[in-house]
Each structure stands twice: as C-alpha cells, then as structure tokens.
Amino acid sequence: MAGEKEHRILEFVKQNAVSGDPQSVVDHIDKYCSQKEWAMNVGDEKGLILDKVFKETNPSLVLELGTYCGYSALRIAQLLKPSARFFTIEINPVNAAVARKMIEFAGLKDKIEILEGSTEHIIPRLRTDYGVVHVDFVFMDHFKDRYLVDTKLLEDCGLLKKGSVLLADNVVYPGAPDFLEYVRTSGCYDCTNYPAHVEYTDQPDALEKGCI
Ligand SMILES: C[S@@+](CC[C@H](N)C(=O)[O-])C[C@H]1O[C@@H](n2cnc3c(N)ncnc32)[C@H](O)[C@@H]1O
Ligand SMILES: [Mg+2]
C-alpha cells in the first residue's frame, strides 16, 4: 500500500519522540531511517549543510519543493526568524498527510504552510494566491527532472531577486545534470558545491547552492 513506510516512520516518531520537540522528531526520523528502513529525507549529514546555508542566507520567504514526511521542513522551521514565511510543496497526498501529522506532533504547525499539488501548478500561483513577492531561499528536493524546469519557472514568474539562494539536493545521486549545467554556466548564479553522501549511506552525493 502506498505510504506504508511513511506511516511506519510517523508511528515510530509518535511512539518514541517527544511531542512538541522538533529536534527530537528529527532525531527519531534519522534513527528509524538509518537503523530500520531507508527513506529519502535529506538526512543528518546533508541536513547540517542545509542548516548552515540556511543560517547564512537568513531568509524572510522560504520555499521547499518536495515535503515528503516533513523532515527537512522541520529542520528549516526551527531556524526561521519570527517574521519569516515558509511554504513547502508536495504532490503526493499520502506524503502531505503524513507531513501534516509529523509537523503537528513536533509543534511547528503554525510555522509551515504545506501546499498540496505539483510545483508546476503552484509556483505560478504563489504571487496571486499566497501573496509571495520574492523568494529568498528555495530548497529543491523533489523529482530531479523538475529542478531545471522549476528554476526557469521561478525566474519567469519573477519570484527570484538578487541574493535569492537555490539549494539543490542530490546533484550527484540521482543527479540533476541539466540543472547543474544551467546554474553553473548561465552567468546568473554564483555556485558552490557541498560534497556529502546520500542520506544514511556511504554513496557520494552533494548539494549545490546557486545564489542569483
Ligand atoms: C526526496 S523527497 C523530499 C524529502 C524532504 N525534502 C526531506 O528532506 O525531508 C521528494 C518529494 O517530492 C515530491 N515531489 C516530486 N515531484 C514533485 C512535484 N513536481 N511537485 C511537488 N512535489 C513533488 C515527492 O512526492 C516526494 O514526497
Ligand atoms: Mg534529497
């Protein structure tokens, strides 16, 4: 059944983590996924890179593409400044429902707005339907063949401005070569690569930061 593993992760968190303590929820997701069943959270090692780049950017408007169970959203929400807004887009309704419960259990429901649907449909509505003028920080972690199209969509919708940061996961594995080539050669982005490993494994991977 779709979502079985995701429900098992949620159940493990509810049984073992401290309700209202987001760090405890994050730690227990890592514990379950490193010891019991692998899952596609950004994970503890790359999560520290996400935290570092996020803190350096200190964004006011944050967008995540690909919520899954809410793991990276919980990392991000803990670092948000009080006035910041944070939207995360998830296409799979089962994953979105698990993320909602995970975030509610962690006590961060008021800091994270989950938008259910595809990035293709939601990004063009961010300004009209959600009052977003510019996005300061985008964590890109959805389907890898969408990284480049959604980067261009964000540009075409006028949502990026000078200083906006794109941070893309999995640029080595599974890889997003068209996205990497674009951000590194278009002349619009200053790029930094952060080598690491695929979550909960020894397989090489990396995050790429592109600052416009
Ligand atoms: C790798 S997981 C996200 C992991 C999450 N960022 C974390 O670290 O906890 C990718 C998620 O993106 C979602 N997704 C894939 N393509 C999408 C799209 N075009 N629009 C919205 N969500 C998408 C998938 O359903 C999946 O839940
Ligand atoms: Mg990823």
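Residues numbered from 1 in each chain as written. Chains lettered and ligands numbered in written order. Predicted model: local features only at pLDDT ≥ 70, side-chain atom pairs only at ≥ 80, totals over all residues.

Trainee: Break down helix α2 (residues 22-35) for me, with residues and values.
Mentor: When the terminal C-alpha atoms of α2 are compared, their 20 Å separation across 14 residues agrees well with the 20 Å that a helix rising 1.5 Å per residue should span. Structurally, α2 contributes buried residues whose contacts are with α1 (4-16), α4 (71-79) and α5 (93-106). (Helix = DSSP H or I, 4+ residues; strand = E, 2+ residues; numbered from the N terminus. Expected span 1.5 Å × (residues − 1). Contact = placed C-beta atoms within 7 Å.)

Trainee: How would you sum up the packing of helix α8 (residues 147-156) against helix α10 (residues 177-185)? Please name residues and give values.
Mentor: Relative placement of two packed helices is described by the angle separating their axes and the distance separating the axes. Where α8 meets α10, the closest approach of the two axes is 7 Å, and the angle between their N-to-C directions is 40°. Comparing the axis directions of α8 and α10 gives the class oblique. In this structure, α8 contributes Y147, L148 and T151 to the contact, and α10 contributes D178, F179 and Y182. Within the contact of α8 with α10, the residues separate by chemical class into four nonpolar, one polar and one charged. (Axes fitted to C-alpha atoms, helices over the stretch in contact; angles between N-to-C directions. Parallel < 35°, antiparallel > 145°, perpendicular 65-115°, else oblique. Nonpolar A, V, L, I, M, F, W, Y, C, P; charged D, E, K, R; others polar.)

Trainee: Kindly report on the confidence of the model for the protein chain, identifying the contributing residues and their values.
Mentor: Here the protein chain averages 97 in pLDDT, while 99% of its residues score no lower than 70. In the model output, the complex is listed with pTM 0.97 alongside ipTM 0.99. (pLDDT = per-residue confidence, 0-100.)

Trainee: So, the site of ligand 1: which residues are in play, and what are the values?
Mentor: By nearness alone, 18 residues border ligand 1, and V42, G66, Y68, Y71 and S72 come closest of all. Sorting the residues of the shell around ligand 1 by element identifies α4 and β2 (85-90) as the ones contributing at least two each. Broken down by class, the residue content of the shell around ligand 1 amounts to seven nonpolar, eight polar and three charged. (Near = placed C-beta within 6 Å.)

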